[in-house]
Each structure stands twice: as C-alpha cells, then as structure tokens.
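Descriptive analysis of the structure
Chain by chain, the residues:
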Amino acid sequence: MNYLEKNKNNFIKDLKGLIKIKSYLEDVNNYPTKELFNAVDYMISLGKEEGFRTYIEPKGYYGYIEMGQGTEMIGILGHLDVVPPGEDISKWQTPPFELNFEDGLLKGRGTQDDKGPVMLVFYLMKELKESSVKLKKRIRLIFPTDEESFWRGVEKYKSDKQEIPTFGFTPDALFPVTYSERELWEFKIIGKPSNEFTINAGAALNVVPDSAKYTNIDGTILSSEGKAAHAMEPHKGENAIIKLINRFESNNQLIKFIKKEINNETNGISLFNKLFKDDDSELTVNLATINIDDKKSEIALDLRVPNTTNSKELKKIILEKLKMYPNLTFEHYDFLQRVYISKESNLIKNLMESYEEVTGSKEKPLSSGGATYARAMKNIVAYGPYFKDTPMTEHQYNENAKWEDFIKAYDIYQNFIKKVI
C-alpha cells in the first residue's frame, strides 16, 4: 500500500475543497477572476501547512510550491483552471463542483483535468518531505490558471522572470510519455450579420459543442444535441452545430461554407482538398463555436496539425478557398508551437524506464494532438497520469478519474523522482 492509498481520506478531503472552487472563465477576456485566485490560494495554503516554500502571484495568474535543495530544478506543471460545466447542468449525474467518490471514481469538474493530477503530485511531495529523504535537486509544483484558453498564467510566470525548470513533466496526458505534440492553430471565419435568424453554440474552442440553437424571424426554434469531446479527438464527439445546420436551408454564406467545406468531417479533407497526415497522426478539425445574429456572424475552428505539416501552408489554402465566398474573411485567433523531444534523450529514457519498471509494460512513446504545458517550457513533456484504457472524460459532462489510475500513476511518478533527485 503506497502513501496515497494510506492517505486516501485526506486526499479526497483536500481535492474536494479544490473541486468546489468554480475556476472557469465565463468570458475569456475577464481574466484573472476571483475564483481563479481562490484556486491558487487554496493550494498555497495546503503548501504552507506542510512547511513548503510557496509563492502566489498577487492577482492569481499562477502559484508554486517548492521543496529540496540544489541548483537544478525539476518542474511539474499542472493547471487549476477548468472548462465550464456545460449549458445543461442536468446532464451531470452528480453536481459538477462537488467531489463525489463512488465505485472507484472521483467525480467532478477537474478531477481528470487537471486538479486531480495536481493534488496527486502534491501528495508525492508530502511523502518526500515526511520521509526526510535528502534531495540534491529542487522540486517545484507550478500551477498557472489559464491553460484552457490563452495560457496567460504560464506566460506571466515567464515574463515575471520566474525560474525555468531544468526539466520535468506535466501530469495532463497519457502514459507512457508524450514526446511530440502537434501544432495547435485556432482561427475564425467572419461573415455578415443576419436579420433572418440567430444561431449560438459552443463554449470553448477545445471542446466539441454538444448543443446548438436556431431561431428565425418567424419564431421557429430548432435545437440539436450532440456529444462533447476534446478537440484533439473530435471524431469521438458529435458536433451539435453540424447536426443543427443540416436541418434547415439558408443562403447565408457562413452556413454554406460550413455545409460544403466542413460538415461531418473532422479530418479537414474537404476544407483543404486533401488529407494531411504523417506516421503518427492526421490533421483534426473541430468546428467549436458559432454565433450569428444581427450584430455579428462568425465561427471558430480548432486544428491540431501533424508534425510534417505547416499551418502556414494550411492558411494559404483557406485564404484561397475564401475567394469563393466574397462575404467571408479570415481572422487569426491563437497558435501554439509543436513539441518534439527525441525519444533517445535522457529525459524520455528516464520517464519510459520509470513507467516500465512499475507496470512491466513495454510500449512506445506517444505523439499527441493535445495541448499541454509541455509547449510552455523547454524539456517539459506530458507524462500520465492516465493509461491507454482510461476512459477520457475531460471537458465532458460527468468528468471523472479512476482512483486505481491515481494509485498506479503515483508509483510511476515516485519512481521517476527517485531516479533523478
């Protein structure tokens, strides 16, 4: 029985307090908020109680908890912001901001992404402190608050000239280790406002929208229900926008563009006239939001771009295609560089060995469409705490994390720390 199992009740109590804080952005431009500050402050308070060195950015952009000695620093980056709970709260079997532990599952918004993993690492640091093991390196658990939108928290950490880790990981993905993350590119297509109807759908660009509503000037109302999923795997969801627009006819150019160039495809084959892929992955396209009314008309798309493809090449294709739609214009929204660390590097080898020694499983490092804090700093990679058979529920109703995954991940993380400290 490892330390986490022995301290299960305390872990659940501490995580319950963190889940309770509604640290999501209703308006992405309203940042940081009091709730985001409260989430950081909560973790800092736990750190102070244990006697760790701590720091909180005064407005709530980020905080960190640190232990150990030495010039080198192992950085573990998690995030305390979450995506919204969704428009239809009735779809939650348990309240989204009340942690419930049932049937071996930790249920609530943030249990899987990323409050649960942050607390997991905190408990590993607690064990190291209580064991009085002498650390030759420092360990810093860093938790910014804007990972789900524009990464303003981690950018503030860097602009404040805070110390950059020597190496480390982010507990925000799958084992065995993610050595490569594809480019993330988000943009909008802007059209003319409409006096004929309104359509609204989508809350975040990294989520497949699960509901959409249409109302025309005659009072006709149509609605569609889909299935939420992470934008890096849009094929696992059902896009409510697509389901809705296929229920009515319109001469609106933005609607025509969606029907002809996107529709049910999540690989962009019509939008870009070919399939872009490499040995590890293929292009993914998520039609994330739509807002059409008498004041504005726009859609937003989230793309995860294979390593052998350049988003500049894709942009050229889109701009050329938009010439067929004279009332539509292109607008850049966000971009994150790809991550690539050689599978032969010491970091990847140590992480893989730590995983293999605990699980007895020989697997290959992963390439992913996810956007984790591995993109924020050099020598950081995504490393667990989940496994290939873990049901991934992040960004969805009824988000949950398997307790047995946390137990196993704890042993893997502990093994890695012992190797490198």
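Before reading further, recall that the structure is shown in the block above.
Throughout what follows, the structure given in this document is the object of discussion.

Thresholds, definitions, all that
Residues numbered from 1 in each chain as written. Predicted model: local features only at pLDDT ≥ 70, side-chain atom pairs only at ≥ 80, totals over all residues. Heavy atoms only, no water. Helix = DSSP H or I, 4+ residues; strand = E, 2+ residues; numbered from the N terminus. Expected span 1.5 Å × (residues − 1). Contact = heavy atoms within 4.5 Å. Pairing = 2+ DSSP bridges. Axes fitted to C-alpha atoms, helices over the stretch in contact; angles between N-to-C directions. Salt bridge = Lys/Arg side-chain N within 4 Å of Asp/Glu carboxyl O. Buried < 20%, exposed > 50% of the residue type's maximum accessible area, 1.4 Å probe, protein only. Parallel < 35°, antiparallel > 145°, perpendicular 65-115°, else oblique. Left-handed = near helix turned anticlockwise from the far one by under 90°. Nonpolar A, V, L, I, M, F, W, Y, C, P; charged D, E, K, R; others polar. Arc of directions from axis to C-beta. Polar contact = N/O pair within 3.5 Å; in protein donor to acceptor, adjacent residues only side chain to side chain. Phe/Tyr/Trp six-rings, centres within 6.5 Å; stacked < 30°, edge-to-face > 60°. Lys NZ or Arg CZ within 6 Å of the ring centre and 35° of its normal.

1. Observations concerning helix H9 (residues 346-359)
For H9, with 14 residues, the first-to-last C-alpha span of 20 Å sits near the 20 Å given by 1.5 Å per residue. For H9, the elements touching its buried residues are strand S7 (167-170), strand S9 (178-181), strand S19 (380-382) and helix H10 (403-420). Two residues or fewer after H9 comes Gly360, characterised by a positive phi angle close to 75 degrees.

2. Let's talk about the sheet that holds strand S15 (residues 297-305)
Sheet architecture is open: seven strands sit in the order S13-S12-S11-S14-S15-S10-S16, paired in antiparallel fashion. Both edges of this open sheet fall to strand S13 (221-225) and strand S16 (329-336), since each of them pairs with a single strand only. Here the strands of the sheet are splayed against their neighbours by 20 degrees on average, with no regard to which way each runs. Here strand S11 (residues 197-201) runs beside strand S12 (residues 211-216); their pairing, made up of five bridges, is antiparallel. If you follow Ile199 over to S12, its bridge partner there is Tyr214.

3. A word on the pattern of salt bridges
The tally for this structure, following the rule as stated, stands at 31 salt bridges. Note that Glu102 is salt-bridged to Lys107, the shortest N-O span being 3.0 Å. Look at Lys107 and you get buried, because its relative accessible area is 14%. Glu404 is the partner of Lys402 in a salt bridge, and the nearest nitrogen-oxygen pair spans 3.5 Å. Classification of Lys402 as buried rests on a relative accessible area of 18%. By relative accessible area, which is 52% here, Glu404 ends up exposed.

4. Concerning the sheet that holds strand S21 (residues 400-402)
Spatial ordering of the open sheet is given by S4-S5-S21, a layout of three strands whose pairing is antiparallel. Every other strand in the sheet has two partners, leaving strand S4 (100-102) and S21 as the edge strands with one partner each. Adjacent strand axes in the sheet meet at a mean angle of 20 degrees when their direction is disregarded. Judged from the three bridges that link them, strand S5 (residues 105-107) and S21 form a sheet pairing that is antiparallel. Each bridged residue has a counterpart across the sheet, and for Leu105 the counterpart in S21 is Lys402.

5. Notes on the pairing of strand S2 (residues 62-68)
Within S2, seven of the seven residues are buried, leaving the element largely enclosed by the surrounding structure. One ladder, built from four bridges, connects strand S1 (residues 53-56) with S2; its direction is antiparallel. Along S2, the bridge assignment pairs Thr54 with Ile65. Connecting S1 to the next strand, S2, in antiparallel fashion are five residues, including Gly60 with a positive phi near 100 degrees.

6. As for the packing of helix H2 (residues 8-19) against helix H3 (residues 34-49)
At a minimum axis separation of 9 Å, H2 and H3 run at an interaxial angle of 155 degrees. As summarised for this structure, H2 and H3 are arranged roughly antiparallel, according to the angle between their axes. Note that H2 runs across H3; the crossing there is right-handed. Across the interface between the two elements, Lys13, Asp14, Gly17 and Leu18 of H2 pack against Ala39, Tyr42, Met43 and Leu46 of H3. Split into classes, the residues belonging to the contact of H2 with H3 amount to five nonpolar, one polar and two charged.

7. Here's the deal with helix H8 (residues 311-321)
Every buried residue of H8 is accounted for by Ser311, Leu314, Ile317, Ile318 and Lys321. Seen from one end, H8 has its buried residues packed into an arc of 115 degrees, which puts them on one side. Exposed side chains of H8 directed beyond 90 degrees from the buried face belong to Lys312 and Lys316. For H8, the elements touching its buried residues are strand S10 (183-190), helix H7 (253-262), S15 and S16. You can read the cap of H8 off the contacts: a side-chain oxygen lies 2.7 Å from the backbone nitrogen of Lys312, and it is on Asn310.

8. Thoughts on the environment of Leu283
Among the secondary structure elements, Leu283 is positioned in the loop between H7 and strand S14 (284-292). With 258 residues separating them along the chain, Leu283 and Leu25 place their C-alpha atoms 28 Å apart. The contacts of Leu283, once residues within four sequence positions are left out, are Arg182, Thr266, Asn267, Phe272, Phe276, Leu303, Arg304, Val305, Pro306 and Leu314.

9. Section: the packing of aromatic side chains
Applying the stated criterion to the full structure yields 36 aromatic pairs. Arg140 extends its terminal NZ or CZ atom over the ring of Tyr64, reaching a point 3.8 Å from the ring centre. In this structure, Lys274 is placed above the aromatic ring of Phe276, and the distance from its NZ or CZ to the ring centre is 4.8 Å.

10. Some thoughts on the packing of H3 against helix H4 (residues 115-131)
Two numbers describe how H3 lies on H4: the axes approach to 12 Å, and their chain directions differ by 10 degrees. Compared by their axis directions, H3 and H4 come out roughly parallel. When you trace H3 past H4, the crossing you get is right-handed. Where H3 approaches H4, its residues Tyr42, Met43, Leu46 and Gly47 are matched on the opposing element by Val118, Met119 and Phe122. Per-class residue counts for the contact of H3 with H4 are six nonpolar, one polar and no charged.

11. Observations concerning unusual backbone geometry
Put simply, Asp113 and Asp114 share a cis peptide bond, and its omega is 5 degrees. Phi angles above zero are rare outside glycine, and Trp151 is one such case at about 60 degrees. For Trp151, the location among the structural elements is in the loop between strand S6 (138-144) and helix H5 (152-159). When its relative accessible area of 4% is taken as the criterion, Trp151 is described as buried. Positive phi is not limited to glycine here, since Lys161 has a value of about 65 degrees. Its location among the elements puts Lys161 in the loop between H5 and S7. For Lys161, a relative accessible area of 72% corresponds to the exposed category.

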